[in-house]
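Each chain is listed here by its residues.
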Amino acid sequence: MYIYIYICFRLLSKGKKTHQPPVSSLSLSSLSLFLHLSLLFLFVGIPLYFVDLQDDLDDFGFEDYGPDCDSMRITAFLDIPGQDNLAPLARLEKYAFSDNIFNRQIIARGLLDVFRDFSHNEEDYLTVMAIVVRLAEDTEPTVRTELMEQIPPIAIFLQESRPNFPTSFSEYLMPIVVRYLTDPNNQVRKASQDSLLILLEQGLLGQYDIENKVCPILLDLSAPESDDEYKVEAVNIICKMASMVNKSTVEQLLLPRFCELCGDGKLFQVRKVCAANFGGICNAVGQEATEKNLIPKFFELCSDSVWGMRKACAECFMAVSYTISPEVRRSKLSPLFISLISDPCRWVRQAAFQSLGPFISTFANPSSAGLYIREDGTLSIRPSSPCPTGNNANDVSSSPEEQVGKKLESLTDGPSASCENSNSDATKESSAIQVNIGVDQTILTQSDNADPCVTKDIKECQINSYQEVNSRVQPAEDVFNTFLYWRPPLPDISQDLEFLQCKTEIHEESCPVSEVLCNNCVASSEIKKVLQSLQEHMDDPDVQGKILHSCVLRPDEVWPAVYSVTAVVLHLLVSTVQLPSGAGRRNAILEQMSFSADPFFLWFNLLLSSIIYSLFFCLQDIIPQPLLDQYLSMTDPARAQTVDTEIAKHCAYSLPGVALTLGRQNWHCLKDTYETLASDVQWKVRRTLAFSIHELAVILGDQLTAADLVPIFNGFLKDLDEVRIGILKHLYDFLKLLHADKRREYLYQLQEFVVTDNSRNWRFRYELAEQLILILELYNPNDVYDYLRHIALTLCSDKVSEVRWISFKLVVAILQKFYANSANSLGLNFINELIVRFRHCSKWVGRQAFAFICQAVVEEECMPADHFVEHLLPSLLSLASDPVPNVRVLLAKALRQTLLEKVYFRSVGNPHLEAVEETVLVLQADRDQDVSFFATMKPKHNNMHITSLEKQN
């Protein structure tokens, strides 16, 4: 203290000698005042506290002072008896209304301590509250700011200690908070706004105060005639407090003013605040009020002339979309979002593309996707209950693919080639076909009476059919058709049509024309109905390939007369269907087809497969197609130049959400995009995909994962460490989704994770050890012994101690794996290897590791007790003579804190107990104090129950 006073005098004297004040006149007067107070406090024995005492304490690592830290009390000088011959409350009042600003600041900052001291007595409590009310009228802004910052902690304290807290808070403290919202000083208003939000968040304000004190002042401040600065602050508070009060209060009191502020034409700052918080307001008022009152305002903000408003709307688009109904989302918000994506301002387009993936995720339907998000945030598969498939008992056990194949076979068999059976087939009663995929069931009734060819005259049906075909064939030949150019070279179809006509004439000579045409119409109708039903119930992507294969019709299976009508119809339908780009997918379909040497059958198979491909592989009605097209375009290099250089990263980040929305049946829509992102030159893009590939595997299922994700996963295995860490952190989550055979292939590649680009990246190896502990359950003991054991022992020799310690736990887990699966021989071999590698290690770190492993084996009960005392205990006890104290310390901990805690080792008559106790006595007499200390510690004996380790003996 004397040194401090000397420095102050030196500063003052220096200013006099140079005739120049070292600081400003205000600072010099403050320094003189502070020196005066310092001398006063020194002579009366009062501790000296700085104005920024708490800031200084924070610099040294101290936290905020609390009730258990009396030495940090700001107002400790009030407790000193005899000062000024005043009572503590009188002294408090003296300093609270002192002419010295510093004294008033100290009192304002220490009000929480004052309430702790004087709240037990009702009279003292009221006196202190009256002082606070008077202090709130202080003319110094810094005092008012200090006071307002103390209101929330004071309120929390009073709520816990005062039974009449609601009344006293509403009467004394709440008016201060409300009044400071209109304080002329900006800093005081900011402190008041923060305190108000804290009070609302903590639930310290009553409903009456919110509706009759807070809301009226906010409405006044946000009125059109209000000051611009107050209006911006008021609308900001309204937006933030909307989520902290009940729905009725927001809808009745705040929502009308918010809608009015959204169209404020005077200040764009007000509209920008409304746009930035639009999603929160929508969530607070609910769907009905959002669609009725807020959506029209949102449209206005999205078309605002200021680009900052449109950008803010794009950023909150997902929050708004979550609140409204699917119909409004699809019909109104989707076109609105497309307009933001094509906005002339680059910053608006950038924000829109960043929000595109999250916005698409709002179209997700958990019931159709078969997936849901758990409370902990993890993605899980929704279990589906089995559903009987028809009356046949054999259908119950058959798979959905087999059921669909059977129905298609029964359909394509059609009427017999013999014309004699045509009449009988035409007069049969209606039959039902059941198509079951997953848990959905659709019964399609095909009735002869419903066919127009049966109800109309046969001659009229024949004429109308030929007229319609002849009127549509000729124009289709002259118009460009994408189908005709998708697999060059293609033969001319005109000869095939003539061939079909000849075949039709031959059949007409042997059978009545009416029977032929009626059967043709029936078969065409059946094929059309099956295609429609399959399109509606195509939930399982694994069924699609088998459907394509089953739908390939061969000449010996279907009556050739069916082709005469359906071939031309299919050809005309193909001309109206836009096939997607990507020859690889179309070629894959062709490879699954069994072609016939007959050119007609070749063309018919091509046409039919194209129809099915268009139905199952191109169409999706979950996401509006313009939105999906814009999302797929995010991998276009031109987007990076015109929108955002990191647009591909945003696309990769939101891809799992988009995939979940589309469902695994529409994975083909994202497959090319995912492969493009996986080969992106930016490692940040690949890193993003690596961190989410396990979630995508859950969405796609095991078959699609094996076909499309495993190659990407293999590529990430050989990528940079920044990318590899992504798949490493979720290695177990990905491998457990694969089939056992596919999973076993990675046993050879797991050791590649040991090698890193930078040897200093020890956290990479640490993560590998943690993942291997989980992965052990995925493999059998033999695979663990042959492959994972070597990796574990390598990690145990790592240069970084953190990696070694987690690797020792991995070793224990491996040992537990062996004995849990009755692989005792493997466990014994592993134990012998551990003894040679660690117990007899030339370095003391290895011998210390052996003691730790033995201790962990006993704690985790990895093996039977008799096996432990036979194979590990002798080597463990031999460490008592180790020359390194660190080894003996860990041995002492293992014996006293673990072994002697087990009932097996404390049971009377145990032949091994004597050896353990003798070793403990030796360690207690050790010359090293740490060794003797841990060897002398008494066991806790907390668990007196027989554990499973003892039960096994």
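How should I be thinking about the nonpolar core in this particular structure?
Grouped burial of nonpolar side chains is what soluble globular proteins tend to show. Ranked by internal contacts, the top residues of the largest apolar core, which has 225 residues, are Met-241, Phe-278, Phe-298, Phe-868 and Leu-876. Here the element with the most residues in this core is helix α44 (residues 801–820); it accounts for 11 residues. Apart from the residues within four sequence positions on either side, Phe-278 is in contact with Phe-258, Cys-262, Leu-294, Lys-297, Phe-298, Leu-301, Cys-316 and Val-320.

Please explain the pattern of salt bridges as it appears in this structure.
Between side chains of opposite charge, a pair can form when the charged atoms approach closely. As enumerated under the stated definition, the model contains 27 salt bridges in all. With a shortest N-O distance of 2.8 Å, Asp-194 and Lys-190 are connected by a salt bridge. Here Asp-194 pairs with Lys-190, and both are found in helix α10 (residues 186–201), just 4 residues apart, close to one helical turn. By relative accessible area, Lys-190 is classed as partly exposed at 43%. Residues joined in a network through salt bridges with shared partners are Arg-189, Glu-229 and Glu-233.

Would you take a moment to explain the packing of helix α42 (residues 762–775) against helix α43 (residues 781–796) for this structure?
The angle between the axes and the distance between the axes are what describe a pair of packed helices. Their axes nearest at 11 Å, the elements α42 and α43 cross at an angle of 140°. Judged by the angle between their axes, α42 and α43 are oblique. Of the two elements, α42 crosses α43, and the hand of that crossing is left-handed. Only Leu-788, Ile-791 and Leu-795 of α43 make contact with α42, whose side of the interface consists of Arg-765, Leu-768, Ala-769 and Leu-772. Looking at side-chain class alone, the contact of α42 with α43 contains 6 nonpolar, no polar and 1 charged residues.

Any chance you could explain the confidence of the model for the protein here in plain terms?
The predicted coordinates ought not to be read in detail in places where the model reports low pLDDT. Chain-level statistics for the protein give a pLDDT mean of 74 and a share of 62% at 70 or above. Counting contacts from residues 11–33, a segment whose pLDDT is below 50, to residues more than four positions away or on other chains yields 11 contacts. Throughout residues 512–524 the model reports pLDDT below 50, and contacts reaching past four residues in sequence, or to other chains, amount to 26 contacts.

Quick question: what am I supposed to make of the environment of Asp-882 here?
Mapping Asp-882 onto the fold places it in the loop between α48 (873–877) and α49 (885–897). For the pair Asp-882 and Gln-848, spaced 34 residues apart in sequence, the C-alpha to C-alpha distance is 9.7 Å. When residues no more than four places from it in sequence are discounted, the contact partners of Asp-882 are Arg-847, Val-887 and Arg-888. Of the polar contacts made by the side chain of Asp-882, one reaches the backbone nitrogen of Val-884; its length is 3.0 Å.

What is the right way to read the side chain of Asp-264 from this model?
Inspection of the secondary structure puts Asp-264 in the loop between α13 (247–262) and α14 (268–276). Apart from the residues lying within four places of it in its own chain, the contact partners of Asp-264 are Lys-231, Val-270 and Arg-271.

Sorry if this is basic, but what is going on with the packing of aromatic side chains here?
The geometry of an aromatic ring pair comes down to the distance between the two centres and the angle between the two planes. Applying the stated criterion to the full structure yields 22 aromatic pairs. Aromatic side chains Phe-258 and Phe-278 sit 5.7 Å apart centroid to centroid with 55° between the ring planes, which places their arrangement in the tilted category. With a gap of 20 residues between them, Phe-258 in helix α13 and Phe-278 in helix α15 (residues 278–285) connect regions that are remote in the sequence. Take Phe-278: its relative accessible area is 0%, and that puts it in the buried class. Relative to Phe-359, the ring of Phe-337 has its centre 4.9 Å away and its plane inclined at 25°; by these criteria the two rings are stacked. Taken together, the residues span a long stretch of sequence, with Phe-337 in helix α19 (residues 326–341) and Phe-359 in helix α20 (residues 346–361) at a distance of 22 residues. Each member of the pair, Phe-337 as well as Phe-359, carries the same accessibility label: buried. One residue, Arg-116, lies across the ring of Phe-157, its end atom 5.9 Å from the ring centre. Here the basic side chain of Arg-134 rests over the ring of Phe-97, its NZ or CZ set 3.8 Å away from the ring centre.

What counts and what doesn't
The residue numbering used here restarts from 1 in each chain and proceeds along that chain's sequence as written. Totals for whole chains, interfaces and linings use all residues, but because this is a predicted model, local features are given only for residues with pLDDT of at least 70 and pairs of side-chain atoms are given and counted only at 80 or more. In computing side-chain properties, one takes all heavy atoms of the structure into account and sets aside hydrogens as well as water. Among buried residues, the Ala, Val, Leu, Ile, Met, Phe, Trp, Tyr and Cys ones that are joined through side-chain atoms within 4.5 Å form a nonpolar core. Type-normalised accessible area, obtained with a 1.4 Å probe on protein chains alone, sets the label of each residue: buried when under 20%, exposed when over 50%, and partly exposed for intermediate values. Where helices and strands are cited, they refer to DSSP runs of H or I of at least four residues and of E of at least two residues respectively, numbered from the N terminus. A contact between two residues is defined here by any heavy atoms of the two lying within 4.5 Å. Should a side-chain nitrogen of Lys or Arg be within 4 Å of a carboxyl oxygen of Asp or Glu, the pair is scored as a salt bridge. For helices, the fitted line uses only the C-alpha atoms of the stretch in contact; every axis is such a line through C-alpha atoms, and the angle between N-to-C directions lies from 0 to 180 degrees. Angular relationships are summarised with four words: roughly parallel below 35 degrees, roughly antiparallel beyond 145, roughly perpendicular across 65 to 115, and oblique for the angles in between. The hand of a helix crossing depends on one turn: near helix anticlockwise from the far one by less than a right angle means left-handed, and clockwise means right-handed. Under the grouping applied here, Gly and all other residues not named as nonpolar or charged are polar, the nonpolar ones being Ala, Val, Leu, Ile, Met, Phe, Trp, Tyr, Cys and Pro and the charged ones Asp, Glu, Lys and Arg. Each residue carries a pLDDT value, the predictor's own confidence for that position, ranging from 0 to 100. Throughout this description, a polar contact denotes any pair of N or O atoms lying within 3.5 Å of each other; where both atoms belong to protein, one of them has to be capable of donating a hydrogen while the other can accept it, and for residues adjacent in sequence the pair is counted only when both atoms sit in side chains. Pairing of aromatic side chains requires ring centres within 6.5 Å, counting the rings of Phe and Tyr and the six-membered ring of Trp. Pairs whose planes differ by under 30 degrees are stacked, by over 60 edge-to-face, and all others tilted. We call a charge positioned over a ring when the NZ of a Lys or the CZ of an Arg lies within 6 Å of the ring centre and within 35 degrees of the ring normal.

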